[in-house]
Amino acid sequence: MNADKVLDAKGLACPMPIVKTRKEMKDMDSGQVLEIQATDKGASADLTAWAKSGGHELLEQQVDGDVLKFWIKKG
Amino acid sequence: MSVKAMTAAQVARKVIDNEPLFILDVRNGDAFADWKIEGGNIQYLNIPYFDLLDGVEEVIDQLPKDRDILVVCAKEGSSIMVADMLADEGVETAYLSGGMKAWSEHLEPVKVGDLNDGGELYQFVRIGKGCLSYMAISGGEAAVIDATRMTDVFLNFAQEKGAAIKHVFDSHLHADHISGGRKIAQATGATYYLPPADAEEVVFDFTALEGGFKVAVGSSTVEALYSPGHTIGSTSFIVDDQYLMTGDILFIDSIGRPDLAGLAEDWVGDLRESLYSRYEALANELVVLPAHFMIMDELNEDGSVAKKLGDLFKENHGLNIEDEQEFRNMVTKNLPPQPNAYEDIRKTNMGKITPENEMQREMEIGPNRCAVR
């Protein structure tokens, strides 16, 4: 899936994946897609809940070995 | 202002002593709804940490001034962040060291009674997950029943008591938590017993635990009573004709569910017979010691989970359903959600898979859900 930007949050523990995602998102325009790569297992539930509460859309998530990948469209 | 850590052991003490506590749980709403720190005198506020990144001002008026505040998250990172932010605003809180993972793993040993000739019986209360394990100690020997995977706790406890662990039992093949039985047996040279009917797919060596089996532990006796229904192999234990370890067949305020190995319809008849015939024939004076509790109300004042069999026959709804069809419906329909990762947990307990420690922790997150009420 195509992304306008990729955020490497691998190796970071909660809360950093969300803190960084949020910061990246602030600099993006509505409709743009951010790809997030994380290894913290909690990121899956938290990014889903965060995207929902922030009005963003979680387009897709994949597991690639130890790496969790998420594509979120800015709302 | 500095941020203090509170350990799972300290929180467990507060829960058992029914002390007031305010928990600010900063996990996401689903995680909080699924599983949280339970206690009779706890007030809660759940706001996910990601809704507090802009500042904590809005929560401050929702926090009490007259009770300790504990910030809780899954692993501790987010709770430290939120506690720090609150400290910057002049609000003193503590965070739960190790988060809900540490809470899930904490074991609180509670003495449940004396055995023959100065022996002692201990219950290990896994307060965050509701698992109960046992150690009978007598004459320098010990037997362990339904040990959890925090095996060091059992090994160290036996050592402190000057007892050698000789016998390690699992009442059944567990589906909600990873057994520490095999590991304890390996570390001590003890015999590891499993009910053979549950162990058909088990890939390691074990000793078959048959009903009627008896073994001496110092001056005490542990006797096995076949009591299927939660699983086809489920076996209870009677210690010194005083204590009845019921595994996942009978709890204080509920009974076992027969569906975690996928065979609810087949096993419901066994469950009824175990509860309504086999247990019915036992002495009312036996103290029931289950392998789980589900709600904090099941804890006695000293933190133990124990009640006389005669009282359970009077008070436990699951033991008082006259109509067989009604019983069947209760234990096969409207069942609560199954425990997290229960299929992988069963495979781990069979020795078919060996997940890393971190993975084992993840698999066990959440409540045990072994009962129907």
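Scroll up to find the structure.
What you see is a predicted model; the values in this text were computed from it and never measured. (Residues numbered from 1 in each chain as written. Chains lettered and ligands numbered in written order. Predicted model: local features only at pLDDT ≥ 70, side-chain atom pairs only at ≥ 80, totals over all residues.)

Draft legend 1. Up close: the overall build of chain A. What chain A contains, in helices and strands, is two helices and four strands. Here the C-alpha atoms of chain A give a radius of gyration of 11 Å, agreeing with the 11 Å that 2.2 N^0.38 yields for 75 residues. Sorting the 75 residues of chain A into buried and exposed places 29% on the buried side. Nonlocal contacts in chain A, meaning residues at least 24 apart in sequence, comprise 60% of its contacts between residues at least 6 apart. (Helix = DSSP H or I, 4+ residues; strand = E, 2+ residues; numbered from the N terminus. Rg over C-alpha atoms; globule rule 2.2 N^0.38 Å. Buried ≥ 20, exposed ≤ 12 C-beta atoms within 10 Å, placed from the backbone. Contact = placed C-beta atoms within 7 Å.)

Draft legend 2. Examining the nonpolar core more closely. All names here are of chain B. Core analysis: the largest hydrophobic core is formed by 117 residues, its most contacted members being Val82, Ala136, Ala142, Val144 and Val168. The dominant element in this core, judged by the number of residues it contributes, is strand E8 (residues 131–138), at six residues. Dropping the residues within four chain positions of it, Val82 is found in contact with Val26, Tyr49, Leu52, Val56 and Val71. Core analysis: the second largest hydrophobic core is formed by seven residues, Ala175, Ile178, Ala341 and Ile345 among them. (Core = buried A, V, L, I, M, F, W, Y, C linked by C-beta atoms within 7 Å.)

Draft legend 3. Quick look at the environment of Lys4 of chain B. Positionally, Lys4 of chain B belongs in strand E1 (residues 4–6). For the pair Lys4 of chain B and Lys314 of chain B, spaced 310 residues apart in sequence, the C-alpha separation works out to 46 Å.

Draft legend 4. Quick look at the interface of chain B and chain A. Contacts between the two partners involve 15 residues from chain B, matched on the other side by 13 residues from chain A. Sorting the residues of the side of chain B that touches chain A by element identifies helix H2 (29–34) and helix H4 (77–88) of chain B as the ones contributing at least two each. In the side of chain B that touches chain A, the residues fall into seven nonpolar, four polar and four charged. (Nonpolar A, V, L, I, M, F, W, Y, C, P; charged D, E, K, R; others polar.)

Draft legend 5. The arrangement of unusual backbone geometry in detail. The omega angle of the peptide bond from Cys14 of chain A to Pro15 of chain A is 10°, so this bond is cis rather than trans. Mapping Pro15 of chain A onto the fold places it in the loop between strand E1 (5–9) and helix H1 (16–26). In the Ramachandran plot, Asp240 of chain B falls in the positive-phi region, its phi being about 50° despite a non-glycine side chain. Tracing the backbone shows Asp240 of chain B in the loop between strand E15 (235–239) and strand E16 (243–247).

Draft legend 6. Up close: the environment of Lys65 of chain B. For Lys65 of chain B, the location among the structural elements is in the loop between helix H3 (57–60) and strand E4 (69–72). Along the primary structure Lys65 of chain B and Lys308 of chain B are separated by 243 residues, whereas in three dimensions their C-alpha atoms are 42 Å apart.

Draft legend 7. Spatial organisation of the sheet that holds strand E19 (residues 307–308) of chain B. Residues and elements named next belong to chain B. With mixed pairing, the six strands of this open sheet are ordered in space as E13-E14-E15-E16-E18-E19. The sheet is open, and its two edges are formed by strand E13 (214–217) and E19, each paired on a single side. As defined by bridge partners, E16 adjoins strand E18 (residues 287–290) across four bridges and the pair is classed as parallel. For Leu244, the partnering residue across the bridge sits in E18 and is Val288. (Pairing = 2+ DSSP bridges.)

Draft legend 8. Representation of the sheet that holds strand E7 (residues 120–126) of chain B in the model. Residue and element names in this part refer to chain B. One open sheet holds the seven strands; their spatial order is E6-E7-E8-E9-E10-E11-E12, and the pairing between them is mixed. Two strands in the sheet have a free side with no partner beyond their single neighbour: strand E6 (108–114) and strand E12 (207–208). Relative to E7, E6 runs antiparallel, the two sharing six bridges. Along E7, the bridge assignment pairs Val110 with Gln123. Those strands touched by helix H6 (residues 151–160) are E6, E7, E8, strand E9 (141–145) and strand E10 (164–169), and its axis lies near 25° from that of E8. (Axes fitted to C-alpha atoms, helices over the stretch in contact; angles between N-to-C directions.)

Draft legend 9. Up close: H1 of chain A. Residue and element names in this part refer to chain A. Listing the buried residues of H1 in full gives Pro17, Ile18, Thr21 and Met25. Down the axis of H1, the sector holding all buried residues measures 90°, keeping them to one side. Pointing more than 90 degrees away from the buried face of H1 are the exposed residues Lys23 and Lys26. Where H1 is buried, its residues meet E1, strand E2 (33–38) and helix H2 (43–54). (Arc of directions from axis to C-beta.)

Draft legend 10. Representation of the pairing of strand E2 (residues 21–25) of chain B. Residues and elements named next belong to chain B. In terms of burial, E2 is a largely internal element, five of the five residues being buried. Across the two faces of E2 the burial is the same, with Leu21, Ile23 and Asp25 and Phe22 and Leu24 all buried. Where E2 meets strand E3 (residues 42–46), five bridges bridge the pair, whose relative direction is parallel. Within the sheet, the bridge partner assigned to Leu24 lies in E3 and is Leu45. You can see the chain leave E2, run along H2 and come back into E3, and the turn it takes is right-handed. Here E2 runs beside E4; their pairing, made up of four bridges, is parallel. (Right-handed = clockwise from strand over helix to strand, strands pointing away.)

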